[in-house]
Amino acid sequence: MSATTAAAPASPAAVTLRPSIETGGDDPLPVLGADVRVPAGAGTRTYAALDYAASAPVLRRVWDDVADYAPWYGSVHRGAGHLSQLSTDLFERSRATVADFLGCRPDDDVVFTRSTTDSLALLAAVLPAGTRVFVFASEHHAVLLPWRGRQVTWLDVPRSPQEAVALLDDALGGAPDGPKLVCVTGASNVTGELWPVAELAAVAHRHGARIALDAAQLAPHHPVDIGALDVDYAAFSGHKLYAPFGAGVLAGRADWLREAEPYLAGGGASRSVVRGADGTVGARWHTSAARHEAGSPNVIGAYAIASACRALTEAGADRLVAREQRLLGRLRAGLARLPQVRVLSLFGPDAPRVGVVSFTVSGWSCREFATALADEYGIGVRDGLFCAHPLLRALLGADAVAPGECGGAPEEGELGAVRVSFGAGTPCSHIDRFLTAAEELLRRGPSRC
């Protein structure tokens, strides 16, 4: 996706490409906040952001593209003015860039939403009547919760990729006729483990079901190709893909999207609105992605996502994956030397995974360990249940229906873990700093003050 520079001639055709990111094989991609200093101990330290699974820092390239475009900002699809025309052009080309990034089929739709959660809520809203949904209990809440009020078959938490495929095969084989949808993650936001998406898609299609991919954790770390995986839908969030908050994507088969009532009714979704003789108001809806983009769309958010897609593509997926795997190996080897640490896993230590690792620490609550890392070392990690409560309960051996949340002391039966997550903008030094801090904290022990 190209960027409009502030100094460009006042023409929508005047779009220039920002130079590709130039980094060495082990250099992180430049991100905002890399030099931010935070309180740590008695002084300050450069912040070590190890919470990418929640929100990745914005790529410097993306921020610069947005800043270049900002003076040319205008509402899309609404006006003949120059800035409106230019913004409409960038908005629609952002859609095309995202389609290329995801390997969309020619007749797929790309709808801009607010987030992965919003994307899956949209998909839930457009399902044909009578659709039965199949979901593993190990999913993120964005996958678990949108189907309330629908017919849902809950699948047990699998302990291997093969078991996941077998569980789905059995469930679909015993399902009644009618439309069916499977929804599954590509990479766990808790363990980082990759799920057998292509195999699950093959099973789904053999039984006449469609499959939706939660790519929120997969897309920032690993190439996603809808066509190659043979999934019907994919959803992800910009704020996990090195773009700012507030924009997401749902991409996939157009028929269910175009046949359903608009997700939101309003301007932009409607082609025409007329007053009937009986005093009612009727509408004809767009038959494109605009059908589900009512209101003034988040043009800057869509453009930022497209910029991130292009930046990651130009940086080279193979190089980024290889670099992340080196950091992951370094982290896991360091944690393996700490006997008090138990790394959480569904599929076992040899399962392929992205840069997300969750663990518990003997003698520490997850909150006190994460707080010590922040207060004493300037390291930001996540603690708690990671919006995947049933999965954490399964991994921790807790009662599947018992309440629990992070925050209590170990003797009170705290339920939670610590998560370290990283990506293309993480320096190796941040992994090393975390391991040094963890070792020092475990040697010293928790403060019970």
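Residues numbered from 1 in each chain as written. Predicted model: local features only at pLDDT ≥ 70, side-chain atom pairs only at ≥ 80, totals over all residues. Heavy atoms only, no water.

## Concerning the sheet that holds strand 14 (residues 356-361)
Thinking step 1. Spatial ordering of the open sheet is given by 13-14-17-16, a layout of 4 strands whose pairing is antiparallel. Either end of the sheet is taken by a strand with one partner, and the two such strands are strand 13 (341-343) and strand 16 (382-384). Across this sheet, the average inter-strand angle for adjacent strands is 30°, counted without regard to direction.
Thinking step 2. Bridge analysis of strand 14 against strand 17 (residues 417-421) gives 4 bridges, and the strand direction is antiparallel. By the bridge assignment, Phe359 is partnered in strand 17 with Val418.
Thinking step 3. Running at roughly 10° to strand 14, helix 10 (residues 317-336) makes contact with strand 13, strand 14 and strand 17 of the sheet.
Thinking step 4. Most of the contacts of helix 11 (residues 366-377) go to strand 16, to which it runs at about 165°, and overall it touches strand 14, strand 16 and strand 17. (Pairing = 2+ DSSP bridges. Helix = DSSP H or I, 4+ residues; strand = E, 2+ residues; numbered from the N terminus. Axes fitted to C-alpha atoms, helices over the stretch in contact; angles between N-to-C directions. Contact = heavy atoms within 4.5 Å.)

## Some remarks on the environment of Ala129
Thinking step 1. Counting through the fold element by element, Ala129 comes out in the loop between helix 3 (116-126) and strand 5 (132-136).
Thinking step 2. Considered as a pair, Ala129 and Val299 are 170 residues apart in the sequence and their alpha carbons are 32 Å apart.

## Regarding helix 5 (residues 161-173)
Thinking step 1. Taking 1.5 Å of rise per residue, 13 residues should cover 18 Å, and helix 5 covers 18 Å from first to last C-alpha, within 8% of that figure.
Thinking step 2. Within helix 5 the residues assigned to the buried category are Ala164, Val165, Leu168, Ala171 and Leu172. Buried positions in helix 5, seen along its axis, are confined to an arc of 135° and lie on one side of it. Exposed residues on helix 5 whose side chains face more than 90 degrees from its buried face are Gln162, Asp170 and Gly173.
Thinking step 3. Buried residues belonging to helix 5 abut strand 5, strand 6 (151-155), strand 7 (180-185) and helix 6 (197-206). (Expected span 1.5 Å × (residues − 1). Buried < 20%, exposed > 50% of the residue type's maximum accessible area, 1.4 Å probe, protein only. Arc of directions from axis to C-beta.)

## With respect to unusual backbone geometry
Thinking step 1. Unlike most non-glycine residues, Asp230 shows phi in positive territory, near 60°.
Thinking step 2. One can find Asp230 in the loop between helix 7 (226-229) and strand 9 (233-237).
Thinking step 3. Using a relative accessible area of 34% as the deciding quantity, one classes Asp230 as partly exposed.
Thinking step 4. Residue Tyr242 is not a glycine yet carries a positive backbone phi of 70°.
Thinking step 5. You can see Tyr242 is positioned in the loop between strand 9 and strand 10 (248-252).
Thinking step 6. A relative accessible area of 0% means that Tyr242 is categorised as buried.

## Focus on the pattern of salt bridges
Thinking step 1. Summed over all chains, the structure comprises 19 salt bridges.
Thinking step 2. Across the pair Arg95 and Glu92 runs a salt bridge whose closest N-O atoms are separated by 2.9 Å. One end of the pair is Arg95 and the other is Glu92, both in helix 2 (residues 82-102) and 3 residues apart, which spans about a single turn.
Thinking step 3. Using a relative accessible area of 30% as the deciding quantity, one classes Glu92 as partly exposed.
Thinking step 4. Residues joined in a network through salt bridges with shared partners are Arg61, Asp65, Arg310 and Glu314. (Salt bridge = Lys/Arg side-chain N within 4 Å of Asp/Glu carboxyl O.)

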